[in-house]
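Chain and residue survey
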Amino acid sequence: MFRLRLRTDPQWASLATAHPEEILSDHAWCEQKAASTAISLINQYSEFPTLVEAMTDLVREEWEHFSRVLEILKRRGLRLRPQRRDNYVNELMAWRTTSHHKLDRLRDHLLVAAMVEARSCDRFRVLSENISDPELRAFYRDLMESEATHYTVFITLARELTGRALTDARWTNLLDYEDAIIRKYCQGTAIHG
Ligand SMILES: [Fe+2]
Ligand SMILES: [Fe+2]
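Presented here is a report on the structure given in the accompanying data block. (Residues numbered from 1 in each chain as written. Chains lettered and ligands numbered in written order. Predicted model: local features only at pLDDT ≥ 70, side-chain atom pairs only at ≥ 80, totals over all residues. Heavy atoms only, no water.)

Donor atoms from the polypeptide that bind the iron ion (ligand 2) are Glu 62 (OE), Glu 117 (OE), Glu 117 (OE), Glu 147 (OE) and His 150 (ND1), placed at 1.9 to 2.5 Å. Counting gaps between the donor residues of the iron ion (ligand 2) yields the pattern E-x54-E-x29-E-x2-H. Taken as an interatomic distance, the gap from the iron ion (ligand 2) to the iron ion (ligand 1) is 3.4 Å; Glu 62 donates to each of them. Placement of Glu 62 in helix α3 (residues 49-75) and of Glu 117 in helix α5 (residues 102-130) is noted, with a sequence separation of 55 residues between them. For Glu 62, a relative accessible area of 0% translates into the label buried. For Glu 117, a relative accessible area of 6% puts it in the buried group. (Donors = N, O, S within 2.8 Å, 3.2 Å for Na, K, Ca; no water. Helix = DSSP H or I, 4+ residues; strand = E, 2+ residues; numbered from the N terminus. Buried < 20%, exposed > 50% of the residue type's maximum accessible area, 1.4 Å probe, protein only.)

Core analysis: the biggest nonpolar cluster contains 34 residues, and Leu 51 and Trp 171 have the highest contact counts within it. Every element with two or more residues in this core is listed here: α2 (20-44), α3, α4 (87-94), α5, α6 (134-162) and α7 (164-185). Top contributing element to this core by residue count: α5, with 9 residues. (Core = buried A, V, L, I, M, F, W, Y, C linked by side-chain atoms within 4.5 Å.)

This next bit is on the packing of α4 against α5. Contact pair α4 / α5: the axes reach a minimum separation of 10 Å and the direction vectors enclose 150°. Relative to α5, α4 is oriented roughly antiparallel. At the point where α4 passes α5, the crossing takes the right-handed sense. Two secondary-structure elements touch here, α4 through Tyr 88, Val 89, Leu 92 and Met 93 and α5 through Val 112, Met 115, Val 116 and Arg 119. Taken together, the residues that form the contact of α4 with α5 break down as 7 nonpolar, no polar and 1 charged. (Axes fitted to C-alpha atoms, helices over the stretch in contact; angles between N-to-C directions. Parallel < 35°, antiparallel > 145°, perpendicular 65-115°, else oblique. Left-handed = near helix turned anticlockwise from the far one by under 90°. Contact = heavy atoms within 4.5 Å. Nonpolar A, V, L, I, M, F, W, Y, C, P; charged D, E, K, R; others polar.)

Encoded structure:
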């Protein structure tokens, strides 16, 4: 299922790590947004107990990631820069259906969240394999595994709550859509841009 159309070029790692404060700040905000997304899903879909339970665990984990990135910034004498516009995520959000059926909207919401996790996982894999700093290598390796699990949580919820066949068809459509977006942002110094 995972199979992103375009895997991150290892060269992106040197680009990203040449600007540590920028990349770590952007990363911190990604973790903060992941926690916010999980809270927003609880607010909008509280009638689904499995979703509420899974998102509660996720908020805890993403918040821990956020605090670990802040810790690394602090130890290195770097500051948390202001949040930037995340064009990649905004464009993915625009893919979601405006259907009147709540389950259709839920499916797309979960799939966009799964995509953000899948792309983050791919970015962290490239960072963990291509940077020399041992602390950051281990850190990104750990996060890569964690984001892969989150991707599975979102896909599984979408399949269980909104139907497997429809979920898989929409996911294939989203993979094509994401491919076009990431090609525009693959040279930036952000986790998704
Ligand atoms: Fe995370
Ligand atoms: Fe995550």
